[in-house]
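These are the residues of each chain, in order.
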Amino acid sequence: MSQLPSIRWGILTTGKIASWYVYDLVLSRPDAKVRHIVQAIGTSDVKRGKSFAQKYCPEENPSIYGSYEEVYQDPNVDIQEKNVLCEKPFTLNAHEAKEVFEAAKQKGVFIAEAMWLRHRPLVLELQRLLHQEKAIGEVFRATSDFGSELDIPNLPLDKYYRQNALGAGSLLDMGIYSLTWVMLGLDDPGLVANREKPKILASQDHWEDIETATSAILQYPGRQGIFTSTTKASGNPDLLARIYGTTGSIEVHGGCPSLPEGFTVYPPFEGEPGGKEADSKITRGRERLYDFKAPGRGFQYQADNIALDVLNGKLESSIIPQAETIRVMEIMDEIRRQGGTRYPVD
Ligand SMILES: NC(=O)C1=CN([C@@H]2O[C@H](COP(=O)(O)OP(=O)(O)OC[C@H]3O[C@@H](n4cnc5c(N)ncnc54)[C@H](OP(=O)(O)O)[C@@H]3O)[C@@H](O)[C@H]2O)C=CC1
Ligand SMILES: O=C1OC[C@@H](O)[C@H](O)[C@H]1O
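Residues numbered from 1 in each chain as written. Chains lettered and ligands numbered in written order. Predicted model: local features only at pLDDT ≥ 70, side-chain atom pairs only at ≥ 80, totals over all residues. Heavy atoms only, no water.

K.L.:
Before we go on, may I ask you to explain the sheet that holds strand β2 (residues 35-42) in this structure?
P.N.:
Paired through backbone hydrogen bonds, the strands of a sheet run either parallel or antiparallel to each other. Overall, parallel pairing links the three strands, which are arranged β1-β2-β3 in an open sheet. Edge positions in the open sheet fall to β1 (6-12) and β3 (63-65), since each of these has one partner strand only. Going from strand to strand, the sheet's axes swing by 30 degrees on average, the running direction of each strand aside. Pairing geometry for β2 and β3, over three bridges, is parallel. Each residue of the ladder has a partner; that of isoleucine 41, found in β3, is isoleucine 64. Packed on one face of the sheet, helix α7 (residues 299-311) meets β1 and β2 and runs near 115 degrees to β1. (Pairing = 2+ DSSP bridges. Helix = DSSP H or I, 4+ residues; strand = E, 2+ residues; numbered from the N terminus. Axes fitted to C-alpha atoms, helices over the stretch in contact; angles between N-to-C directions. Contact = heavy atoms within 4.5 Å.)

Shown next, in the form of structure tokens:
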């Protein structure tokens, strides 16, 4: 008999991310900290809701509702009107995020952005190595790219990739991850001073009015983050992010920046490029590999942390506090302002 605390989720939508999330939510795993129950599903199409439940949580028997409102009204759901975990990007701009947080504060309910990357054990260990152990000395630079080739002009018009009103573009969909990687590399979570807003230099490309590529530099005093995102080409899974320190560097690898599987800590490079000897090469010393392959995609870490926050009566996530969601949104607002991407809500 399980002694774990339990929580009852209401799932809004039956799209791709909802299926990924529910799949991991009900994974059977020895490290679970919470028993996650899929209590209700809200969708525009009840038939689709039923086949979604059959496919992704066949043992859960959730209530299927033809509207999101009915999920909010279901008294058996814990993660609903009272408490919300909202998919990234949390909103389309910082102004909207502040409004939502204010509304949650007025109601006294929990709300958090589902930036699941930050909940991964891999990220927590990386932050400890970087900022507590100083495994590569003082970090002075971080880079990351998230590319996923999407044929934007030929996608159906109802896809969010085609609608600026739904946040179309690579930045809010994927760049938010490469931005997060450089922030994770550069920001010591223990130092309030590192929660400052960096100076930003940014440029964006568009197809019609849909943003298709973003490049940005974040300049902090003495350290720089360089990140890119695009829907024009897929990125290199061997190098999701690179963090440079005064005594070494770290490379992150995996499926893509939202699905990291491990990282390698390298000592500094040695040798002289184009040195005197004909066979002179740049070499590097012995690396150390950290492997974090997870069962499923890894949403379970976020689910456990959020559920424990809710069960402990917190009103915001300890991993991604509301101020951090706003800081990320403000950085993306400024990138879009410089890059010329406007949404109707701006
Ligand atoms: N954390 C992660 O790894 C991932 C996060 N995401 C994020 O999740 C969000 C959704 O992405 P994804 O699941 O891929 O999208 P999908 O297009 O697969 O699904 C979106 C769902 O949203 C619902 N919906 C509500 N209003 C609208 C509308 N106006 N137009 C279209 N759909 C609508 C529909 O559900 P229904 O008909 O059932 O009501 C639809 O199935 C995005 O914000 C994306 O950035 C996406 C992929 C991975
Ligand atoms: O959040 C995400 O992560 C994975 C990507 O493929 C997807 O487009 C994005 O929304």
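K.L.:
What is the right way to look at the nonpolar core in this model?
P.N.:
As a rule of thumb, soluble globular proteins bury nonpolar side chains together. Among the nonpolar cores identified, the biggest contains 77 residues, and Trp9, Ile11, Leu179, Trp181, Leu218 and Phe263 are the most heavily contacted of them. Per element, the largest residue contribution to this core is 11 residues, and it comes from helix α6 (residues 170-186). Setting aside anything within four residues of it in sequence, one finds phenylalanine 263 in contact with Leu122, Glu125, Leu126, Leu129, Ile250, Glu251, Val252, His253, Arg288, Leu289, Tyr290 and Phe292. (Core = buried A, V, L, I, M, F, W, Y, C linked by side-chain atoms within 4.5 Å. Buried < 20%, exposed > 50% of the residue type's maximum accessible area, 1.4 Å probe, protein only.)

K.L.:
Teacher, can you tell me more about the sheet that holds strand β11 (residues 248-254) here?
P.N.:
Strand order in the open sheet formed by eight strands is β7-β8-β9-β6-β10-β11-β12-β15, and the pairing between neighbours is mixed. Edge strands, defined here as strands with exactly one partner in the open sheet, are β7 (199-207) and β15 (288-291). Within this sheet the neighbouring strands show an average axis-to-axis angle of 10 degrees, counted without direction. Here strand β12 (residues 260-266) pairs with β15 via four bridges, running antiparallel. Each bridged residue has a counterpart across the sheet, and for phenylalanine 263 the counterpart in β15 is tyrosine 290. Contacts from helix α5 (residues 121-132) reach β6 (139-147), β10 (241-245), β11, β12 and β15 within the one sheet, and its direction differs from that of β12 by about 20 degrees. Contacts between helix α8 (residues 322-339) and the sheet are confined to β7, β8 (210-220) and β9 (223-230), with β7 contributing the most and set at about 60 degrees to the helix.

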